Amino acid sequence: MMKTISYLGLGTMGSGMASNLLKAGYKLTVWNRSVEKCESLARKGARVADTPADAVRDVDLVVYCLSSDQAVEEVVFGANGILSGINEGQIAMDMSTVLPATSLREQEAYTKHGVDFLDAPVFGSKQESADAKLWIMAAGNKAIFEKVKPVLEHLGQTVHYFGKNGNAAAMKVVGNLIVALEMEALAEGLVLAQKAGLDLNTVMEVVKVADFRSPLLVSNGQNILKRDFSTSFALKLMLKDASLIEKFAESLHSPTPALRVVQKNLESAVALGFGKENASAIIKALENEAGVEVKARAPAKIPAVS
């Protein structure tokens, strides 16, 4: 049974997951490049490690969620990285969004150290992470997955096993393609509705109930109408993920023609200065081109009765 865990990477997703592991009663060690992000967890009882190598010593399970393939390269393979501190018999689990090839390279390196490895990326954003409502995918040795599954159930509302290493990472890329196309469709649709003079509140009433509805469209559509672009998943990270999708699809000779349109608008929105805003800010590139701002109409004033 897992009792001691280290968690590396306390960004938008990692901080919520690490906090939930503490709430679940695990003895937790944390590490983050910016040490100030460890402070709130330290106050709750977590040990703060100086380096990734220090973080992973003498724990049952090593978990990390990092921003990119390059960050995984540095934290896992770099000087004072995970591989320089981890030992035979431990389990490592990468919850980052990376190329399947990166996951397979990790697996090969861990195997040489006698360490079992799972790739276990997630769907969801900041709120789902904080509320332990993520949708988790995992791939690797089935017996190891079963051993780690109780830990994952403290982090997500569903857990899905995908077989051999790299498959969960592949599913994450597939899912992110669908998300990117949904966000583009929402942005194009709302700009078109605005240009057509439709009442956008009524438009969203239809989006909530029609056969094309989805939680992603509803939540982001409502926030766009309120001009709320507070970050759950940053636009610049969606642009990074679009590059991952492109590389993975090209490696399999799988066509993704609509992705090129999304990439163009993501690049435009980032160039306009919206990279740190929520991914829904992709609409600002289209608004700029269309010369409109998508915003709900203010409620009509009821005249006073004389």
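Preceding this section is the structure that the text describes.
### Some thoughts on the overall build of the chain
Each helix and strand in the chain was counted, giving 13 helices and 9 strands. Buried residues in the chain amount to 49% of all 306 residues. Within the chain, contacts between residues at least 6 apart in sequence are counted, and of these 67% link residues at least 24 apart. When the accessible surface of the chain is split by element, carbon and sulfur atoms take 54% of a total near 15000 Å². Mean positive and mean negative side-chain charge positions of the chain (33 and 34 charges, respectively) differ by 4 Å.

### Brief notes about the packing of helix α9 (residues 200-209) against helix α10 (residues 215-225)
Where α9 meets α10, the closest approach of the two axes is 10 Å, and the angle between their N-to-C directions is 170 degrees. What the angle tells us is that α9 and α10 run roughly antiparallel. Facing Leu200, Asn201, Met204, Val207 and Lys208 of α9, the residues of α10 in contact are Leu217, Val218, Gly221, Gln222 and Leu225. When grouped by side-chain class, the residues that make up the contact of α9 with α10 number 6 nonpolar, 3 polar and 1 charged.

### Some points on the side chain of Asn220
Relative to the elements of secondary structure, Asn220 occurs in helix α10. Those residues in contact with Asn220 that sit more than four places away from it in its chain are Met183, Leu186, Asn278 and Ser280.

### Some words on unusual backbone geometry
Not every positive phi belongs to a glycine, and Asn80 is a case in point at roughly 60 degrees. Relative to the helices and strands, Asn80 is located in the loop between α4 (69-77) and β5 (91-94). Although it is not a glycine, His253 sits at a positive phi angle of roughly 55 degrees. Looking at where His253 falls in the secondary structure, it is placed in the loop between α11 (235-251) and α12 (257-271).

How each quantity is defined
Residues numbered from 1 in each chain as written. Predicted model: local features only at pLDDT ≥ 70, side-chain atom pairs only at ≥ 80, totals over all residues. Heavy atoms only, no water. Helix = DSSP H or I, 4+ residues; strand = E, 2+ residues; numbered from the N terminus. Buried < 20%, exposed > 50% of the residue type's maximum accessible area, 1.4 Å probe, protein only. Contact = heavy atoms within 4.5 Å. Areas by Shrake-Rupley, 256 points an atom, 1.4 Å probe, with all protein chains shown as cover. Lys, Arg positive; Asp, Glu negative; His and termini not counted. Charge placed at Lys NZ, Arg CZ, Asp CG, Glu CD. Axes fitted to C-alpha atoms, helices over the stretch in contact; angles between N-to-C directions. Parallel < 35°, antiparallel > 145°, perpendicular 65-115°, else oblique. Nonpolar A, V, L, I, M, F, W, Y, C, P; charged D, E, K, R; others polar.

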